[in-house]
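# Coordinates in review
Chain by chain, the residues run as shown.
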Amino acid sequence: MNVLVVGGAGYLGGAVVDLLLKSAHQVRVYDALLYEECYRKPVDFVYGDVRDDDHLRTELAWADALVWLAAVVGDRACDLNPDVTVRINEKSVAGLAQNFSGRIVFTSSCSIYGSQSGRTLTETSPLDPLSLYASTKLAAERYLAKKNAIVFRLGTMFGVGDNFARVRLDLVVNTFALQAIQHGKITIFGGNQFRPLLHVRDAARAVVDAIASSHTGIFNLHRQNVRISDLACQIRNHFPDLIIENVDIPARDARDYRVSSDKARALLGFRPIHSIDEGIEQVEELLQTNRLKQPDNPRYANDRYLASVGQQAIMTQAPMIPGSGGNGRAREVGTTVAIGRPAEREEAPAAA
Ligand SMILES: NC(=O)c1ccc[n+]([C@@H]2O[C@H](COP(=O)([O-])OP(=O)(O)OC[C@H]3O[C@@H](n4cnc5c(N)ncnc54)[C@H](O)[C@@H]3O)[C@@H](O)[C@H]2O)c1
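Please read all numbers here as calculations on a predicted model, not as lab measurements. (Residues numbered from 1 in each chain as written. Predicted model: local features only at pLDDT ≥ 70, side-chain atom pairs only at ≥ 80, totals over all residues.)

### A word on the sheet that holds strand S3 (residues 44-47)
The strands making up a sheet are joined through hydrogen bonds of the backbone, oriented either antiparallel or parallel. Note the following rule: Only strands that DSSP links by at least two bridges are regarded as paired with each other. Elements are defined by DSSP. Helices are runs of H or I of four residues or more, strands are runs of E of two residues or more, and each kind is numbered from the N terminus. Where helices are involved, their axes are fitted lines through C-alpha atoms of the stretch in contact, as for all axes, and angles between N-to-C directions lie from 0 to 180°. Residues are treated as contacting if the C-beta atoms built from their backbones sit within 7 Å of each other.
Pairing within the open sheet is parallel, and its seven strands lie in the order S3-S2-S1-S4-S5-S7-S11. At either margin of the open sheet sits one strand with a lone partner, and together these are S3 and strand S11 (217-221). Ignoring which end each strand starts from, the neighbouring axes of this sheet average 20° apart. When strand S4 (residues 65-68) meets strand S5 (residues 103-109), the two strands line up parallel, connected through four bridges. Counted as the bridge partner of Val67 is Val105 from S5. Contacting strand S1 (2-6), strand S2 (26-31) and S3, helix H2 (residues 53-62) crosses the sheet at an angle of about 150° to S1.

Below, the structure written as structure tokens:
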């Protein structure tokens, strides 16, 4: 199958594309490179924006199946510019539903369950989206309801997905590991709230397996539900001198939920294999071996990056690359493709 990975240059996309490269599928990535200067994975690449309907439609014509990962991801990142967030996370999916009749694998989020402590949530449980991010994900799910689409409500991911893509250090396990290494101390607010967690490579495996499956509908995907204070103690197993500071005020982020992934286990054979300890060790190794020159660089946190250097990137639609035949596609296919600096961004009004 021809598989287009939209948003494939991101954290999860890096792991998804690695698995696809080992498969019999033809792979192409379509991404606006919000956080990257270049895309160098040896795979066919199209520099494009999901807000560019004409450009996207050309690529949809090539694809038999789509993995749709593109989004402004995270509550704080989405709040930076609500109009742009709705355009990217929601309206572009509405357009997709109209313009594509092939197989779709879409990543939603367990965040749409909001704050519902005391019970384990299944795909039919009530929803309580507490943020713009969550409500745009829910709206997108609804656009796909009647399509040949499988929707994964992912838990919070952790670990290192591949050797190329930007690792996200704004996700709770990775953040705690970073703070432990940098400061010898982590601060937790409240701490009683639960989060479903999932290694990024287990998420990628489920996504890739779903491309050729005939299952449709919504599936929760997580490895285990973890209380934040327990996660902090688990981090201390790796850093025995770690100080855990408890601040007895509610977290700014009010999400608190436990989910069940029994449906994915029963119907899809979902079996996560990567542990939280493994994820902690991966982040530890990345940092201890100084492979991230500046772990504090805003690039590793979506909201910090978009609030600073990246704001312009998200406000304006990714332009076509001059000289690429008018379709924004890098000219080499199947070899290492360096995009380098995108064409000068035009001072255009926000696309939203
Ligand atoms: N990371 C998590 O813990 C988590 C949890 C639940 C759900 N998800 C979902 O998984 C998916 C991938 O998340 P991630 O952590 O890899 O995020 P990410 O921010 O690392 O990747 C998103 C990718 O989408 C691209 N993108 C954004 N706007 C675009 C646009 N307008 N046009 C084209 N490309 C665009 C970005 O350049 C980036 O490469 C998202 O849909 C997210 O909502 C992630």
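### Considering the environment of Phe194
Here Phe194 lies in strand S10 (residues 194-199). Look past the residues within four positions of Phe194 in its chain and what remains in contact with it is Ser117, Asn225, Val226, Arg227, Asp256, Tyr257 and Arg258.

### What to know about the sheet that holds strand S12 (residues 224-227)
Spatially, the three strands line up as an open sheet ordered S8-S10-S12, and their pairing is mixed. Pairing within the sheet leaves two strands with one partner each, and these edge strands are strand S8 (156-158) and S12. For this sheet, the mean angle separating the axes of adjacent strands, direction not counted, is 45°. Strand direction decides the pairing type here: S8 and S10, joined by three bridges, are parallel. Pairing of Phe158 across the sheet is with His199, part of S10. Along the sheet face, helix H7 (residues 200-211) touches S8 and S10 and points at about 70° away from the line of S10.

### A closer look at the site of the ligand
So the rule is basically this: Using a C-beta atom placed from the backbone, a residue is described as near a molecule or strand when that atom lies within 6 Å of it. Here the term charged refers only to Asp, Glu, Lys and Arg, the term nonpolar to Ala, Val, Leu, Ile, Met, Phe, Trp, Tyr, Cys and Pro, and the term polar to all other amino acids, Gly among them.
Residues in contact with the ligand amount to 27 residues; listed here are only the nearest, Gly7, Gly10, Tyr11, Leu12 and Ala32. Residue contributions to the shell around the ligand peak at three residues, all from helix H1 (residues 11-21). Of the residues belonging to the shell around the ligand, the class tally is 16 nonpolar, seven polar and four charged.

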